Amino acid sequence: MADSSFDIVSKVERVEVDNALTQTAKEISQRYDFKGVGASIEWSGEKIEMRADSEGRAAAVLDIFQTKLVKRGVSLKALDAGEPQLSGKMYKIFASIQEGISQENAKKVAKMIRDEGPKGVKAQVQGDELRVSSKSRDDLQAVQQLLKGKDLDFAIQFVNYR
């Protein structure tokens, strides 16, 4: 019998991020406390730029965006937001979406699987994802439960379960 396997990836649906951004922009334009403060959110290349006339309002735009991301099923661990910076008369926050598992994080997860997971489970790094294989599907499910229980500092999903 062939080994069963699954891949551990860190991907974000770009469409869901776009929808959350659009909903945030719409809410900002309609809310009374954002009238006349120049608050906005938009893509700026590969980064998301949030602007407002005060540090607190810029942080409020970020908070609204995070709320919309959570409602759309996007993990906040994938969002890397900076601190509000003064630029002219406006405060700006730049945020980026992290995708892919870095080599060092993949090695950490592979070591975690080796140390704490069931025996006979193999984990190998393949680019920006991690392939986990075993003869037993129960062992693979145990590895998934183990990783779901850990508080990793990046978002993970399990795909290609076969």
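The structure reproduced in this document is the subject of the present report. (Residues numbered from 1 in each chain as written. Predicted model: local features only at pLDDT ≥ 70, side-chain atom pairs only at ≥ 80, totals over all residues. Heavy atoms only, no water.)

**Notes on the sheet that holds strand β1 (residues 4–9)**
Moving on, step 1. In space, the four strands of this open sheet follow the order β7-β8-β1-β9, with antiparallel pairing throughout. The open sheet has two edge strands, β7 (122–126) and β9 (157–159), and neither has a second partner. With direction set aside, neighbouring strand axes in the sheet form an average angle of 30°.
Moving on, step 2. Contacting β1, β7 and β8 (129–134), helix α3 (residues 103–116) runs over the sheet at an angle of about 20° to β8.
Moving on, step 3. Sheet contacts for helix α4 (residues 137–149): β1, β8 and β9; angle to β1, the most-contacted strand, approximately 20°. (Pairing = 2+ DSSP bridges. Helix = DSSP H or I, 4+ residues; strand = E, 2+ residues; numbered from the N terminus. Axes fitted to C-alpha atoms, helices over the stretch in contact; angles between N-to-C directions. Contact = heavy atoms within 4.5 Å.)

**Quick word on the pairing of strand β2 (residues 40–44)**
Moving on, step 1. Alignment of β2 against strand β3 (residues 47–52), held across five bridges, turns out to be antiparallel. Across the sheet, residue S44 finds its bridge partner in β3, namely K47.
Moving on, step 2. Where β2 hands over to β3, the hairpin turn is made up of two residues, of which G45 adopts a positive phi near 75°.

**Side note on the environment of S102**
Moving on, step 1. Examined against the element boundaries, S102 turns out to sit in the loop between β6 (90–97) and α3.
Moving on, step 2. Judged by its relative accessible area of 36%, S102 falls in the partly exposed class.
Moving on, step 3. Between the alpha carbons of S102 and I41 there is a distance of 28 Å; along the sequence they are 61 residues apart. (Buried < 20%, exposed > 50% of the residue type's maximum accessible area, 1.4 Å probe, protein only.)

**What about the side chain of E129?**
Moving on, step 1. Tracing the chain through its elements places E129 in strand β8.
Moving on, step 2. Buried charge without a partner: E129 forms no salt bridge, and the closest opposite charge is K11, 4.3 Å away.
Moving on, step 3. In contact with E129, other than residues within four places in its own chain, are D7, I8, V9, K11 and Q124. (Lys, Arg positive; Asp, Glu negative; His and termini not counted. Salt bridge = Lys/Arg side-chain N within 4 Å of Asp/Glu carboxyl O.)

**Notes on the pattern of salt bridges**
Moving on, step 1. All chains considered together, the criterion is met by 15 salt bridges.
Moving on, step 2. Ionic pairing is found between E49 and K92, a salt bridge with its closest N-O pair at 3.6 Å. Of the two residues, E49 sits in strand β3 while K92 sits in strand β6, which places them 43 residues apart along the sequence.
Moving on, step 3. A salt bridge links K111 to D115; the nearest nitrogen and oxygen atoms lie 2.8 Å apart. Here D115 and K111 lie together in helix α3, a separation of four residues that amounts to about one turn.
Moving on, step 4. For K111, a relative accessible area of 43% puts it in the partly exposed group.
Moving on, step 5. A single salt-bridge network, built from bridges that share partners, covers E27, R31, D33 and K68.

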